[in-house]
Amino acid sequence: LKPILTVHDGKLEAIDKKRGSAKAIAKMIELIHEQGGIDLKEPIYFGYTGNDISMDKFINAFINEFPISHYEIGMVGPVVGSHAGPGAQFITYLVP
């Protein structure tokens, strides 16, 4: 199971779980649309724990859905990483 986490009022919260990466990414995209999309004027970060295998596929799923042109990629630190476990992938953005 792939947990879907969010930060709300400064606290990390699990909001859903999906079986498989494709279903988890689809749910993340759905949640972003429900929240009003991504503020493209603000920085967008993609992150991972452990290794960056399949990050291209993860990032492309969001680029195909939203007109993201600039972003940064980096490894997530141990505080968030300990909740998500190895092999997790993240997108960090602000809503408009």
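Scroll up to find the structure.
Residues numbered from 1 in each chain as written. Predicted model: local features only at pLDDT ≥ 70, side-chain atom pairs only at ≥ 80, totals over all residues. Heavy atoms only, no water.

Next up on the list: the nonpolar core. If you look at the biggest cluster of nonpolar residues, it comprises 19 residues, and the most contacted ones within it are Ile38, Phe46, Phe58, Phe62, Phe66, Ile68 and Ile91. Of all elements in the fold, only helix H1 (21-34), strand E3 (45-48) and helix H2 (55-65) reach the threshold of two or more residues within this core. When near neighbours in sequence (up to four residues on either side) are disregarded, Phe66 contacts Ile29, Ile32, His33 and Ile38. (Core = buried A, V, L, I, M, F, W, Y, C linked by side-chain atoms within 4.5 Å. Buried < 20%, exposed > 50% of the residue type's maximum accessible area, 1.4 Å probe, protein only. Helix = DSSP H or I, 4+ residues; strand = E, 2+ residues; numbered from the N terminus. Contact = heavy atoms within 4.5 Å.)

Tracing the sequence through the fold places Thr49 in the loop between E3 and H2. Residue class for Thr49 comes out buried when judged on its relative accessible area of 6%. At 3.1 Å, the side chain of Thr49 forms a polar contact with the backbone nitrogen of Gly87. Among the polar contacts listed, one links the side chain of Thr49 to the backbone nitrogen of Ala88, at a separation of 2.9 Å. Look past the residues within four positions of Thr49 in its chain and what remains in contact with it is Val76, Gly81, Gly85, Pro86, Gly87, Ala88 and Phe90. (Polar contact = N/O pair within 3.5 Å; in protein donor to acceptor, adjacent residues only side chain to side chain.)

The next thing to look at is the packing of aromatic side chains. Tallied over the entire structure, the rule returns four aromatic pairs. Aromatic pair Phe46 and Phe62: ring centres 5.9 Å apart, planes at 55 degrees, arrangement tilted. With a gap of 16 residues between them, Phe46 in strand E3 and Phe62 in helix H2 connect regions that are remote in the sequence. Just as Phe46 is buried, Phe62 falls in that class too. On the numbers, 5.0 Å between centres and 65 degrees between planes, the contact of Phe58 with Phe62 is edge-to-face. Here Phe58 and its partner Phe62 are both found in helix H2, four residues apart, which amounts to about one turn of the helix. In terms of burial, Phe58 and Phe62 fall into one category: buried. In textbook terms, an aromatic cluster arises when at least three aromatic residues are bridged by ring pairs, as seen for Phe46, Phe58, Phe62 and Tyr71. (Phe/Tyr/Trp six-rings, centres within 6.5 Å; stacked < 30°, edge-to-face > 60°.)

Glancing now at unusual backbone geometry. In the Ramachandran plot, Asp9 falls in the positive-phi region, its phi being about 55 degrees despite a non-glycine side chain. Despite not being glycine, Ser54 has its phi angle at roughly 70 degrees, a positive value. Among the structural elements, Ser54 can be located in the loop between E3 and H2.

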